[in-house]
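A look at the structure
The lines below spell out each chain.
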Amino acid sequence: MEETLRTLAQPPLGELQLSRADSDRNGESRITEQFLETLWETAGTKVLPIAHGKAPVTAGALTLVTPSDIGGHGILVYLGRVNEGAVDAGNHVILAMLEEADPELAPLDQWLGLRDIATSLDARDAGLFVEAAAVANWHETTTHCPRCGTPTVVRDAGWVRQCPNDGSQHYPRTDAAIIVSIVDDEDRLLLGSAVAWPENRYSTLAGFVEPGESLEAAVIREVGEEAGIAVDSPQYLGSQPWPFPASLMLGFTAHAATTDVRPDLSEIRSLRWFTRAELFAELREGSIAVAGGVSIARALIERWYGGSLDEEPSRTGER
Ligand SMILES: [Zn+2]
C-alpha cells in the first residue's frame, strides 16, 4: 500500500498506525440544523457501517457505501470530510451504527475489527475507522444520563447526548493511559509480563491516569506500583488513540533510579531487564514475544532498540 505523507505529525516514535488520518472532522458543522439529514440526501456522501466494532473491508481498504445502500440503521455520527488527494476527496462520511453486520453490504467474512486490519489500511481509512470505533463504543455504553438515569437523546450529528429531563449534555469520553519504556544506567530496557497474558509475552508497563493526576505523576506511580522501582525524568514521546474501548495511550520514556524490580503479582507476573542483544536473541529463538506492530508499546521498544526488532541491534542504540 502506498505510503501517505499527510500524517498529522511526526512524533519521536515515528508513524503510529492508529494516529494517522486523512480527513477533516469539520466539527463546527455538527451544530448545523438538519446536517445529517441534508448530507444523507446529498450526492457523494459516503457511509461507514459498523456493527459491534466491525466494518466491511475489501482488499485492505474500508468499504464505504452510499446512504441508499443502507437499510435499517441505528445512531448516525458525522465523521468528517475527506481531504484533498485522498480517495473520495471532498466527500462527507457518516458512521451508521448497525445492529448486526449486513451481508447485503459485504460478505460477513469481510466484516473485520480495527485491530485485525489496521496495518493494511491507508491513512484515510485508519483515521475514519479509529474515530468511528471510538465514538460508537461511547454510544453503546453511554445510553443514560449519569445524573438522573433518564435515557439521553443524540444530537449535534452524533457528538452530544442530552438528557431530556435535566438538560445536561454529555460528550464522548477518552480515558488517558500512560505507557512507558524504562531504561536503566546500563541502557537496559525493563519489560513486564502481565498476569492476563501468555507467560512468555512481554511489553512496556502501562496504566490509566487517575483523576487529578498529571501524566508524569501517573508514570512514576504506575511504575512504583507494578515494578516496585523509582523512576525519574519522564519524557513524553507521542500518543495513539486505542479505542478498545476508549483509551488514549500517551507514550513516555523514563530513567530507572533503582533497578531491584518486584512485580506486583496482581497485574504483572514477572519483570525482566533486557540488553538489546538479549532481546534480539530471545525473540529470534521464540522464548519470548513482544507487543505487535499496531501498538505504541512496539514503537517504544523499537525506539530504545534503535530499529526493527527483526534485525540485529546496531551498536548505536537509540535513534
Ligand atoms: Zn438527567
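Below: a short report on this structure. Being a predicted model, the structure only gives us computed values, none of them experimental.

Any two side chains of opposite charge can pair, given that their charged atoms come close. Overall, the coordinates contain 15 salt bridges when judged by the stated rule. Arginine 272 serves as the salt-bridge partner of glutamate 282, at 2.4 Å between the closest nitrogen and oxygen. A residue pair is termed long-range when its members are at least 10 positions apart, and glutamate 282 in helix H5 (residues 276-285) and arginine 272 in strand S17 (residues 268-274) qualify at ten residues. In this structure, a network of salt bridges that share partners links the residues Glu210, Glu213, Arg221, Glu222 and Glu225.

Moving on: the sheet that holds strand S3 (residues 54-58). Read across the open sheet, the three strands follow the order S4-S3-S7; overall the sheet is antiparallel. With one partner strand each, in any of the chains shown, strand S4 (61-62) and strand S7 (111-113) form the two edges of the open sheet. The sheet contact formed by S3 and S7 spans three bridges and is antiparallel. Bridged to alanine 55 within S7 is leucine 112.

This part takes up unusual backbone geometry. In this chain, phenylalanine 244 is followed by proline 245 through a cis amide linkage whose omega measures 10°. Position of proline 245 relative to the elements: it lies in the loop between strand S15 (231-242) and strand S16 (247-256). One non-glycine residue with positive phi stands out, namely alanine 157, at about 55°. Relative to the assigned elements, alanine 157 resides in the loop between strand S8 (153-155) and strand S9 (160-162).

Parameters at a glance
- Counting from 1, residues in each chain are numbered in the order their sequence is written.
- Residue-level local features of this predicted model are given only where pLDDT is at least 70; pairs of side-chain atoms are given and counted only at 80 or more, and the full residue set underlies all totals for whole chains, interfaces and linings.
- Excluding hydrogens and water, the side-chain values take into account all heavy atoms of the structure.
- Counted as salt bridges are all cases of a side-chain nitrogen of Lys or Arg within 4 Å of a carboxyl oxygen of Asp or Glu.
- Numbering of helices and strands runs from the N terminus, with a helix taken as a DSSP run of H or I at least four residues long and a strand as a DSSP run of E at least two residues long.
- Pairing between strands is defined by DSSP: at least two bridges between them are needed.

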